[in-house]
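# Examining the three-dimensional arrangement
This is what each chain is made of:
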Amino acid sequence: MASYIARRLFYGLLLMVGVVVLNFLLIRLAPGDPAEVIAGEMGGATAEVLAAIRANYGLDKPLLTQLWIYITQIAQGDLGLSYFFDQPVSKLIGERIGATILLVLTAQFAAVFIGTTLGVLAARKPNGLLSGFVSVFATVGYAVPVFWTGIMLIILFASVIPIFPVEGMMDIRLRNADFLTKAVNVLYHLVLPAFTLAVIYLALYARLARASMLEVLGADYVRTARAKGASERSVLFRHALRNAALPILTVAGLQFGSLISGALLVETVFNWPGMGRLAFDSILRRDYPTLLGVLIIASACVVIANLLTDLSYRLADPRLKKEDEG
Amino acid sequence: MSALLEIENLRVDFATRYGPVTALNGVSLAVEPGETLGVVGESGCGKSITALSVMGLIPQPPGRIVEGSIRLADEELIGASGRRLRQLRGGEVAMIFQEPMTSLNPVFTAGDQIAEAIMLHQKVSRDEALKQAVALLDRVGIPEPDVRAKNYPHQLSGGMRQRVMIAMAVSCRPRILIADEPTTALDVTVQAQIFDLLNEIQRDFDAAIVLITHDMGAIAEMADRVAVMYAGRVVEQGSADAVLDEPKHPYARGLIACIPALGKEDGDGRPPPLAEIPGVVPPLHLLGEGCAFAERCPHRFQRCDRETPLLAGTAQHPAACHAVAEGRL
Amino acid sequence: MSEAAESPLLEAWRMFRRNWPAMAGLAILSVIILVTFYGAFLYQGDPYEIVWAPHEPPGVAPEFPLGTDYLGRDIVAGMLTGGAPTLAVGASAAVITMIIGILLGALAGFFGGWVDNLLMRVAEFFQVLPALIFAMVLVTLFSPSLTTIAFAIGVVSWPQTARLTRAEFLKIKQVEYVTAARAIGAGNLRIMWRVILPNALPPLIVSATLTVGVAILFEAGLSFLGLGDPNTMSWGLMIGANRDYILDAWWPVTFPGLAIFLTVFSVSLIGDGLNDAFNPKLRER
């Protein structure tokens, strides 16, 4: 198992190097002088600033040297300087990545648990009402633009049923309150954005869970469990679900790239102070270092998420574990 | 003494896209304590459905028990509560299935699965159940049982998996063990071992065995009595010796004739060509008024197309055939 | 007893016809395409023109049945003209995705070995990049024209199609390969394209409808963020432009969103119908 982890980490690292190289190429491929691209069009790039950029990134040196400089900078955590905010990009992202991760993880876990439950219940009566609802919900949930859902929810909860806050992550007035109060307030603010993001995936997992359960319930070993005298509940949750959950885990693990993209839209709609919002704002300001920094960090998040999913999948399915045992 | 298991006039219908189809049409069987009843017939004749009905494992849509009775030691099973059926399953009546490769849950160890069977019917702790599981693995002839108990199904061979299934089935000393084609999916050498094991188990646990198979050789080896099924009905019954040596129903005769005989030669010194029963089992939804076997029967006459034959003749060795009843054979 | 063999396409169409949600989807999509066509080529109104007071609710002024937005622009005009870019970008992005995906997936599945390994690593690389962010970067660095957007979506979405194609080719290669190789003698690769690819089409067609849906949503998202072509009105742009005023006027954002939803919904109903039509056995569960 340890060697497997090492291999996967190394591979993830290679992927990240690829992302960095891609970033590097994109700046160079964009029309215009790379130094001006990096400086952005705000802040009136003076000759001094441009010269500083050229020196910092080694833009007058050969291409490969530039690449090496760039890679080493990033490896040390230097994602460049945001000329708009006049702050290191890594600091900007660091302040906001927590909010995005909170949003994404909450949405994902809610979607997996609620979706799987719905799917399992629907599988018990494949022609029943719940099963039909799951089918319809799955198609509808996927077709709705996530930012539109968010907007509709804001309209609903701001004017019609004002129970959840529709903006931001925390009430500013509480900034000096104790941790528990702040945490509760954040959770309160988290409900609508997380729900908006979760709906799409909830539909996906419910449909997948139902299909997976139906397939597993038809398997021979489920018949054996019944022949042993196991109760229906034990058959459903212990025997069937353990097997049916595996494909759900695989699919869920692959959604993180999509979740982060969706989070960007949700953060914009709800003014949630995350990485996605930062990326969007930096586009308006032509703040490319920040934008590309977000790309790198977001990609890193996806790589890590993939690795963790892969590991948990290997732990959950004994058929895969066997490669490491004797 | 009444039989341990009595199936009387069992009729089971299935709802299909062609309309309702009768899978079992008035099946009656009896199993005495400690004996081995062989149920033989081609695929689709209803032998597995009979077994599943006894276990209460027929999915009730699309299946439906239309009429009949299944009595285990005088207790009626049809209509019994779900709880009672679950108590009996794995406890008094156990079943092993055809495909050992897929009949074990891939995410639990062999020991866990046997222990679960034990804990479902006896009030013992998990540790105690696991200990019993290891002992059972030993009893069914698996070497290094304590190691194997921790193995997952994919780490075991087909023969070993079937032994695990047998261990699971006999863990609570069932009075009846239903074996549905237990060796069909296994190598020939392993088959013999499994049959030996079943015989031992029967002696040690004093259990009755219902052996469902299409292999006449297995019947010859293991069965005390035989029931031959075709298209959802029992067409001949009797002691194994009687049915094998003097089969009455043309289908049974055909089956026995189909057994390849080693050592025989015809006039040219070559072994005789393999016998076969021409035709195929008719689709159940297309069965008409007469005998279901009529199309393939060399002794067919008018009455066969008009009237379904019922079991008739001696009480020990009845057959459902007009030709036999009228002495034409 | 034998049944006359029907062409599999005809059989699939008959199954599709019986599937009423799929036919409903087809009907809805046809209406949307017709309306969009009208809006793109025949309609004379200008969605950018300020025609009335801002935030006129729907159903109040008879000339503006859907009301006006925050600048006083006609929402009906926006709806009619906004469909074309959305559908055009969605469709062309899907086409680009399919072309790249099928090509690379076929190569990977057919040749296997290092080609497969290399291509799958590349696919994995593109899947690691969060799609929207990457598309945003591309659109920002290179001008935000409709073509760029279509390409950006295509570049980001092809891996999934490639994996599906690869799986199909791997599967069919085993089945058809022997027969084809014998019939042709010296395995002509081009004929492999003609043998394997047509058999791989059913799941690819279903996947194509999925891709169209995703592409439309993607384009809507980019337009919403203001990254679409600023000279072309699209439904996503309408939602994004009116974003700051949703608490004052719900209609400028609701109707375009409904339009996007209906389009993607009808496409996915068709996709489901196609899926059932090609796989009748799975339906019987």
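Residues numbered from 1 in each chain as written. Chains lettered and ligands numbered in written order. Predicted model: local features only at pLDDT ≥ 70, side-chain atom pairs only at ≥ 80, totals over all residues. Heavy atoms only, no water.

### A closer look at the sheet that holds strand 4 (residues 63–72) of chain B
All names here are of chain B. For clarity, the threshold we go by: Each pair of strands is called paired provided DSSP finds at least two bridges between the two strands. Numbered from the N terminus, helices here are DSSP runs of H or I no shorter than four residues, and strands are runs of E no shorter than two. Contact criterion: two residues are considered in contact whenever any of their non-hydrogen atoms come within 4.5 Å of each other. Whenever a helix is involved, its axis is fitted only over the stretch in contact; in every case the axis is a line through C-alpha atoms, and angles between N-to-C directions fall within 0 to 180 degrees.
One open sheet holds the 4 strands; their spatial order is 2-1-4-5, and the pairing between them is antiparallel. Two strands lie at the open edges of the sheet, namely strand 2 (19–31) and strand 5 (75–76), each paired on one side alone. Direction of pairing for strand 1 (residues 5–16) relative to strand 2: antiparallel, over a ladder of 10 bridges. Opposite Thr16, over in strand 2, you have Gly19 as the bridge partner. Helix 1 (residues 47–55) rests against strand 1, strand 2 and strand 4 of the sheet, and its axis sits at about 110° to strand 1.

### Topic: the layout of surface pockets
The following threshold applies: Definitions used throughout: a 1 Å grid over protein atoms alone; a cavity as a set of points that fits a 1.4 Å probe which cannot get out; a pocket as an open set with protein on both sides within 12 Å along at least five of seven lines; a lining residue as one with an atom within 4 Å of a point. Grid points are joined across faces, edges and corners, and a volume is the space filled by probe spheres set on the points. Gly counts as polar in this scheme, as do all residues outside two lists: the nonpolar Ala, Val, Leu, Ile, Met, Phe, Trp, Tyr, Cys and Pro, and the charged Asp, Glu, Lys and Arg.
Taken as a whole, the second largest pocket holds about 1600 Å³ of empty space. Taken together, 39 residues line the second largest pocket, and the ones lying closest to its centre are Arg226 of chain A together with Pro59, Gln60, Pro61 and Pro62 of chain B. Secondary structure elements with two or more residues in the lining of the second largest pocket: helix 5 (89–124), helix 8 (179–217), helix 9 (220–227) and helix 10 (232–253) of chain A together with strand 1, helix 1 and strand 4 of chain B. When residues of the lining of the second largest pocket are assigned to their parent elements, the largest contribution, 4 residues, is made by helix 9 of chain A. Looking at the lining of the second largest pocket residue by residue, the classes come out as 22 nonpolar, 7 polar and 10 charged.

### Let's talk about the pattern of salt bridges
Residues and elements named next belong to chain A. The condition is simple: Any Lys or Arg side-chain nitrogen located within 4 Å of an Asp or Glu carboxyl oxygen qualifies as a salt bridge.
Inspection of every chain in the model, using the stated rule, returns 26 salt bridges over all chains. Residue Arg96 pairs with Glu95 through a salt bridge whose shortest N-O separation is 3.5 Å. The salt bridge partner of Arg226 is Glu232, with a shortest N-O separation of 2.9 Å. Look at the salt bridges and you will find they share partners, linking Lys91, Glu95 and Arg96 into a network.

### Quick look at the confidence of the model for chain C
How we decide: Confidence of the prediction at every residue is given by pLDDT, a number between 0 and 100.
When pLDDT is averaged along chain C, the result is 82, and 89% of the positions lie at 70 or above. The ipTM assigned to the predicted complex is 0.84, against a pTM of 0.81.

### Examining the pairing of strand 8 (residues 208–213) of chain B
Residues and elements named next belong to chain B. Note the threshold: Only protein chains enter the accessibility calculation, which uses a 1.4 Å probe; a residue is then buried when its area is under 20% of its type maximum, exposed when over 50%, and partly exposed in between. When the strands point away from the viewer and the path from the first strand over the helix to the second turns clockwise, the crossover is right-handed.
In terms of residue burial, strand 8 counts as a mostly covered element, since 6 of its 6 residues are buried. Side chains Ala208, Val210 and Ile212 of strand 8 all project onto a buried face; the interleaved residues Ile209, Leu211 and Thr213 project onto the opposite face, where all are buried too. Sheet analysis places strand 3 (residues 36–40) next to strand 8, joined by 5 bridges and oriented parallel. Within the sheet, the bridge partner assigned to Thr36 lies in strand 8 and is Ile209. One ladder, built from 5 bridges, connects strand 7 (residues 176–180) with strand 8; its direction is parallel. Across the sheet, the residue bridging to Asp180 is Ile212, located in strand 8. Between the parallel pair strand 7 and strand 8, the chain is carried across by helix 7 (residues 188–205), and the sense of this crossover is right-handed.

### Remarks on the interface of chain C and chain A
Spelled out, the test is: Here's the idea: put two parts together, see how much 1.4 Å probe accessible area each one loses, and the total over both is what we call buried area. Any pair of N or O atoms that falls within 3.5 Å is considered a polar contact. Within protein, one atom must be able to donate a hydrogen and the other to accept it, and sequence-neighbouring residues count only if both atoms are side-chain atoms.
Contacts between the two partners involve 43 residues from chain C and, on the opposite side, 49 residues from chain A. Summed over both partners, the interface of chain C with chain A comes to about 4100 Å²; 81% of that surface belongs to carbon and sulfur atoms. Here chain C and chain A share 1 salt bridge between them. A salt bridge links Asp272 of chain C to Arg207 of chain A, with the shortest nitrogen-to-oxygen separation between them at 3.0 Å. Where chain C meets chain A, there are 9 residue pairs in polar contact (both at pLDDT 80 or more). If you list the elements that add at least two residues to the side of chain C that touches chain A, you get helix 4 (113–128), helix 5 (131–141), helix 7 (189–224) and helix 9 (251–278) of chain C. At 11 residues, helix 9 of chain C tops the list of elements feeding residues into the side of chain C that touches chain A. Looking at the side of chain C that touches chain A residue by residue, the classes come out as 31 nonpolar, 7 polar and 5 charged.

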